[in-house]
Amino acid sequence: MKKLLIIEDEKHTRENLCTILEMEGYAVAAAKNGEEGVASALADVPNLILCDVTMPKLDGHGVLAALREDDRTVSVPFIFLSAKGERPDVRTA
């Protein structure tokens, strides 16, 4: 079974994503901020990470940077989740 990690600070969005992905047969772990997400990914390496960009404590870019520094998570596919759609935001991601 593929393991997914959802890192999202907005509770309803996080819960909805988890429910939908679990219904599709994935094993899903969730974290409510970037710091928890990094710790979760390092403790139990997922097959894919879905991560919000804008979060308190540690934003999505910080999460990605931290995970790319560790050999265990350097090659885990990572998808940013964001409501930001302006060209500069997309380029940064």
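Bear in mind that the values here come from a model prediction, so they are computed numbers and not experimental data.

Counting residues in hydrophobic clusters, the biggest one holds 14 residues, and the most contacted among them are Ile7, Ile49, Cys51, Val63, Leu67 and Phe78. Elements supplying a minimum of two residues to this core: strand E1 (3–7), helix H2 (34–43), strand E3 (48–52), helix H3 (60–68) and strand E4 (78–81). Apart from residues lying up to four places away in sequence, Phe78 is in contact with Leu48, Ile49, Cys51, Gly60, Val63, Leu64, Leu67 and Arg68. The next biggest cluster of nonpolar side chains, apart from the first, holds 6 residues, and it includes Leu4, Ile6, Leu21 and Leu50.

A word on the pairing of E4. Every second residue of E4 is oriented toward a common face, the buried set being Phe78 and Phe80 and the non-buried set Ile79 and Leu81. In this fold, the crossover linking E3 to E4 by way of H3 has right-handed handedness.

Attention now moves to helix H1 (residues 11–23). The end-to-end C-alpha distance of H1 is 18 Å, a good match for the 18 Å that 13 residues give at a rise of 1.5 Å each. Residues of H1 that are buried sit in contact with E1, strand E2 (27–31) and E3. The backbone nitrogen of His12 lies 3.1 Å from a side-chain oxygen of the residue at the head of H1, namely Glu10. Phi for Gly25, located one or two positions after H1, is positive at around 95°.

Summarising the element assignment, Asp52 is placed in strand E3. Side-chain polar atoms of Asp52 contact the backbone nitrogen of Thr54, separated by 3.5 Å. Beyond its immediate stretch of four places on either side in the chain, Asp52 contacts Ile7, Glu8, Asp9, Gly60, Leu81 and Ser82.

A few words now on H3. Turning to H3, its buried residues number three or more, namely Gly60, Val63 and Leu67. Looking straight down H3, one finds that the buried residues subtend no more than 55° of arc, so they occupy a single side. Those residues of H3 that are buried lie in contact with E1, H2, E3 and E4. Between the side-chain oxygen at the start of H3 and the backbone nitrogen of His61 there is a gap of 3.2 Å, and the oxygen is on Asp59.

Each value, and the rule that gives it
Residues numbered from 1 in each chain as written. Predicted model: local features only at pLDDT ≥ 70, side-chain atom pairs only at ≥ 80, totals over all residues. Heavy atoms only, no water. Core = buried A, V, L, I, M, F, W, Y, C linked by side-chain atoms within 4.5 Å. Buried < 20%, exposed > 50% of the residue type's maximum accessible area, 1.4 Å probe, protein only. Helix = DSSP H or I, 4+ residues; strand = E, 2+ residues; numbered from the N terminus. Contact = heavy atoms within 4.5 Å. Right-handed = clockwise from strand over helix to strand, strands pointing away. Expected span 1.5 Å × (residues − 1). Polar contact = N/O pair within 3.5 Å; in protein donor to acceptor, adjacent residues only side chain to side chain. Arc of directions from axis to C-beta.

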